[in-house]
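Remarks on the overall topology
Here are the chains, one letter per residue:
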Amino acid sequence: VCFSMHLFMFVLFASACFFSAGTVAWMHGDPRKVVYPTDSYGQFCGQQGTPNANKAILFYFNILQCANPTVLINLQCPTTQLCVSKCPDRFATYIDMQINYRRNKSYWEYYKQFCKPGFNYPDKPVSHVLRDEDCPPMIVPSRPFLQRCFPDFITRNGTLTVANQTIFKDGHGRIRSVVDLRDANGLYVALGIKIFEDYASSWFWILIGLVISMLVSLIFILLLRFTAGVLFWMVIFGVIAAVGYGIWHCYWEYSSLQGKPDSDITISDIGFQTDFRVYLQLSQTWLIFMISLAVIEAIIILVLIFVRNRVRIAIALLKEGSKAIGCIMTTLFYPIITFLLLALCIAYWAVTAVFLASSGDAVYKVMSTLPNCKYTNLTCDPETFSQSNVTKLCPGSQCTFAFYGGESLYHRYIFVLQLCNLLVFLWVVNFTIALGQCTLAGAFASYYWALRKPEDIPACPLASSFGRALRYHTGSLAFGALILSIVQFIRIILEYLDHKMKGAHNAFTRFLLCCLKCCFWCLERFIKFMNRNAYIMISIYGKNFCGSARDAFFLLMRNVMRVAVLDKVTDFLLFLGKLLISGSVGVLAFFFFTRQIPVIQEEVPSLNYYWVPLLTVIFGSYMIAHGFFNVYAMCVDTLFLCFCEDLERNDGSPSKPYYMPPGLHRILEKTDQAGKKCAVS
């Protein structure tokens, strides 16, 4: 009855919060505020049925103003922003345009498309035009990125250029370096443009790399059923050999750079560079790589030395896990269901969060480049701003669009609604993960407790386990997910407070916050571990969450040495498998994207940074391998708990036979006897 109430509470609360917040957000929110950029007048760029229908790109009048410190506070560049149909493709200033206008009126025809609508040259003096920002003081060659015009940066031989120029003339006739544009535009925006281009040109090959990693992961797990011992020893020595080769290669690169000019410059001297190939020309870079790999190699070897006696039992357990997965092959594809459910939850939460964030009316604030303007960041009315005293006290200030909000009761509680949306999102996500763990554990438990394998394994064990989890265990899973979600929610609040208190000078407050973050991180890890084992016990006995968590805890405590060693050894072996798969696919991707495979050299796309698709393939391959191996890890954990239960409930007699395979029992007995002898001696 208790957990039926938990089920009812879960469905009621999740539905009420999730769908109520979504309904309210959809009633008040406006997705156009996120889809379309907004100009200084609060109008959308590119929205059909408006004067800006054919002007889908946002243009900044004076991009140099974006280097102003107020940008970091207000998240808004203090310059007029206008919707345009295309970005400028040349350097020009308003002063030069005025001079050239006398000889050729086409200069004005091009320049006026970046001026305010309705402004006609030359009705006003230049000083008044620039003061009132009727026209931009200058334009620079730009390209659209996220529907905004940013300078078109290109690095040539390590030199930053815009339209093959390293200098330009600003709106006041001064000669400036393009580095000033980079500082104003933001180095990360320029880097983001190039990364976006690399993804656009290499997405197909990235997809091929991820498909290859999926096939390799599937083949690897299938091979484990027949050659688990040999394969894992090959993985262990393969990883050691691969890291060793990396150490040798780094040493070779380090030695070859010795004596070369400028190779002894330190990384701190050159600072952050968008072209990462610059770092590969430094001997210090390869020295850091070599030391890092040497430390990793030493850690792997030391771990293997200390757990060498437990590797055999871990491999035996992995062999049994391979047999279980071989009998229930559908478990390998269950993560796809979890992924789809998680994607649905994330999409709903993200859409609701966006609608909540876009609720309200346009709010305008005073933007001034003067550091001592007391009106900066105060709300204003664009229709009456020109008649106010602000323009006199703070010359050059603008009343520009800042964000969407309001002062109503609804707008005051938007932050609370966002928090409710976040908490329920964490709850639903953790419930989805718990459902997957309980389903897999139930399927593998049905394999272990079959006396004759595979004859006694029930039909469709995965589907049956999924049905049982939904029908009988939803309340238990929801309760466990709620506990974990509350801890994660508190951690997010602590991270938010830490972010807000970055500039605080109170050492005790920072220390206390750091301690709280550390404690809740440890608590989250412990709850995840206990929940995982509680779900296994739920799938075996069908008890409620509290009873299953208690039984799992005491069972693990009675077998604490086995848990401490076997669990970590199997995790380490599976981690090496993930490392080998992602590393192998990564090496293949490296040779491909660096054009070192002659057969398909012409197929390689032109890239700004080859490391962009390379890192994407490596990370994606690791996550795919993690998805497959997570099923494997769940299988091993379930079999291990079943094995511990088997030893306590049965004695191997005809009336109480062991359900574990005889080979696994012999290895476990030998290992336990060896451990007892070591303890006695």
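If you're wondering where the values come from, they're calculated on a predicted model, not measured in any experiment.

Reading the values: the criteria
Residues numbered from 1 in each chain as written. Predicted model: local features only at pLDDT ≥ 70, side-chain atom pairs only at ≥ 80, totals over all residues. Heavy atoms only, no water. Helix = DSSP H or I, 4+ residues; strand = E, 2+ residues; numbered from the N terminus. Buried < 20%, exposed > 50% of the residue type's maximum accessible area, 1.4 Å probe, protein only. Contact = heavy atoms within 4.5 Å. Areas by Shrake-Rupley, 256 points an atom, 1.4 Å probe, with all protein chains shown as cover. Expected span 1.5 Å × (residues − 1). Bend = angle between axes of the 7 residues up to and from the residue. Patch = residues over 30% accessible without salt bridge, like charges linked within 9 Å, V, L, I, M, F, W, Y side chains within 5 Å. Salt bridge = Lys/Arg side-chain N within 4 Å of Asp/Glu carboxyl O. Core = buried A, V, L, I, M, F, W, Y, C linked by side-chain atoms within 4.5 Å. Disulfide = S-S within 2.5 Å. Phe/Tyr/Trp six-rings, centres within 6.5 Å; stacked < 30°, edge-to-face > 60°. Axes fitted to C-alpha atoms, helices over the stretch in contact; angles between N-to-C directions. Parallel < 35°, antiparallel > 145°, perpendicular 65-115°, else oblique. Left-handed = near helix turned anticlockwise from the far one by under 90°. Pairing = 2+ DSSP bridges. pLDDT = per-residue confidence, 0-100.

Right, let's get into the overall build of the protein chain. Each helix and strand counted, the protein chain has 22 helices and 12 strands in total. Counting over 681 residues, the protein chain shows a buried share of 45%. Within the protein chain, contacts between residues at least 6 apart in sequence are counted, and of these 71% link residues at least 24 apart. A total of about 35,500 Å² of accessible surface is found on the protein chain, and carbon and sulfur atoms cover 65% of it.

A few words now on helix H21 (residues 611–649). The end-to-end C-alpha distance of H21 is 55 Å, a good match for the 57 Å that 39 residues give at a rise of 1.5 Å each. Of all the bends in H21, the largest measures some 25 degrees and sits at Phe-628.

Attention now goes to the environment of Ile-63. Mapping Ile-63 onto the fold places it in the loop between strand S1 (57–60) and helix H3 (70–74). When its relative accessible area of 8% is taken as the criterion, Ile-63 is described as buried.

A cluster of nonpolar side chains, namely Trp-203, Phe-204, Leu-207, Ile-208, Val-211, Ile-212, Met-214, Leu-215, Val-216, Ile-219, Leu-223 and Leu-588, defines an oily patch on the protein surface of about 1,000 Å² accessible area. If you tally residues by element for the nonpolar patch, the top one is helix H8 (residues 187–257), at 11 residues. For Met-214, the location among the structural elements is in helix H8. On the basis of relative accessibility, which here comes to 38%, the residue Met-214 falls in the partly exposed class.

Grouped together as the largest cluster of nonpolar side chains are 76 residues, with contacts concentrated most on Phe-444, Leu-573 and Tyr-632. Here the element with the most residues in this core is H21; it accounts for 15 residues. Non-local contacts of Tyr-632, meaning those with residues more than four positions away in its chain, are made with Ile-221, Leu-224, Leu-318, Gly-321, Ser-322, Ile-325 and Leu-574. Of all hydrophobic cores here, the second largest spans 21 residues; its members include Phe-59, Val-84, Phe-119 and Val-129.

Let us look at the state of the cysteines. In protein chemistry, a disulfide is the covalent bond that joins the sulfur atoms of two cysteines. Considering all chains together, one arrives at 5 disulfides under this definition. In this model Cys-87 forms its disulfide with Cys-149; the gap between the sulfur atoms is 2.1 Å. Torsion about the S-S bond of the Cys-87 and Cys-149 cystine: about -95 degrees, corresponding to left-handed handedness. One end of the pair, Cys-87, is in the loop between strand S2 (81–84) and strand S3 (92–93); the other, Cys-149, is in strand S6 (residues 148–151), and 62 residues separate them in sequence.

What follows concerns the pattern of salt bridges. This model, assessed by the stated rule, comprises 13 salt bridges. Of the charged contacts, one joins Lys-169 and Asp-96 as a salt bridge, the two residues approaching to 3.6 Å between their closest N and O atoms. Here Lys-169 is found in strand S9 (residues 167–169), whereas its partner Asp-96 is found in helix H4 (residues 94–101), with 73 residues between them in sequence. Across the pair Glu-109 and Lys-112 runs a salt bridge, and its minimum N-O distance is 3.2 Å. Classification of Lys-112 as partly exposed rests on a relative accessible area of 37%. If you follow the salt bridges from partner to partner, you end up with Asp-170, Arg-174 and Arg-176 in one network.

Turning our eyes to something else, we now look at the packing of aromatic side chains. The geometry of an aromatic ring pair is captured by two quantities: the separation of the ring centres and the angle between the planes. Across all of its chains, the model carries 23 aromatic pairs by this definition. Taking the centre distance of 5.5 Å and the plane angle of 40 degrees together, the rings of Phe-220 and Phe-629 count as tilted. In this pair, Phe-220 is assigned in helix H8 and Phe-629 in helix H21, connecting sequence segments 409 residues apart. Judged by its relative accessible area of 1%, Phe-629 is buried. An aromatic cluster is defined as three or more aromatic residues linked by ring pairs; in this entry it consists of Trp-203, Phe-204, Trp-205, Phe-592 and Phe-593.

Before going further, it helps to spend a moment on the environment of Val-303. Mapped onto the fold, Val-303 is located in helix H10 (residues 283–306). Given the relative accessible area of 30%, Val-303 is considered partly exposed. The sequence separation of Val-303 and Val-569 amounts to 266 residues, and the corresponding C-alpha distance is 9.1 Å.

Bringing the side chain of Ser-621 into the picture now. For Ser-621, the position within the fold is in helix H21. Apart from the residues lying within four places of it in its own chain, the contact partners of Ser-621 are Gly-209, Leu-210, Ser-213, Ser-582 and Val-585.

Before going further, it helps to examine the packing of helix H17 (residues 474–500) against helix H18 (residues 507–541). For any two helices packed against each other, the geometry is given by the interaxial angle and the distance between the axes. Running from amino to carboxyl end, H17 crosses H18 at an angle of 165 degrees, the nearest separation of the two axes being 10 Å. It follows that H17 is roughly antiparallel to H18 by the angle criterion. Between H17 and H18 the crossing geometry is left-handed.

Here strand S5 (residues 142–145) runs beside S6; their pairing, made up of 4 bridges, is antiparallel. Note on S6: the bridge partner recorded for Phe-145 is Arg-148. Taking the residues between adjacent antiparallel strands as the criterion, S5 and S6 are bridged by 2 residues, where Leu-146 takes a positive phi near 55 degrees.

Low-confidence regions, as indicated by low pLDDT, have predicted coordinates that should not be scrutinised in detail. Of all residues in the protein chain, 82% attain a pLDDT of 70 or more, and the chain-wide mean is 78. Taken element by element, the protein chain is modelled with least confidence in H3, mean pLDDT 41, and with most confidence in H18, mean pLDDT 90. Low pLDDT, under 50, characterises residues 68–75; the stretch is placed with 13 contacts to residues that sit more than four places away or in other chains. Between residues 674–681, whose pLDDT stays under 50, and residues either more than four places distant or in other chains, the model counts 0 contacts.

With a phi close to 50 degrees, Cys-460 is a non-glycine residue in the positive phi region. Inspection of the secondary structure puts Cys-460 in the loop between helix H15 (414–448) and helix H16 (461–472). When its relative accessible area of 54% is taken as the criterion, Cys-460 is described as exposed. Phi is positive for Arg-595, which is not a glycine, with a value near 60 degrees. One can find Arg-595 in the loop between helix H20 (560–593) and H21. Classification of Arg-595 as partly exposed rests on a relative accessible area of 36%.

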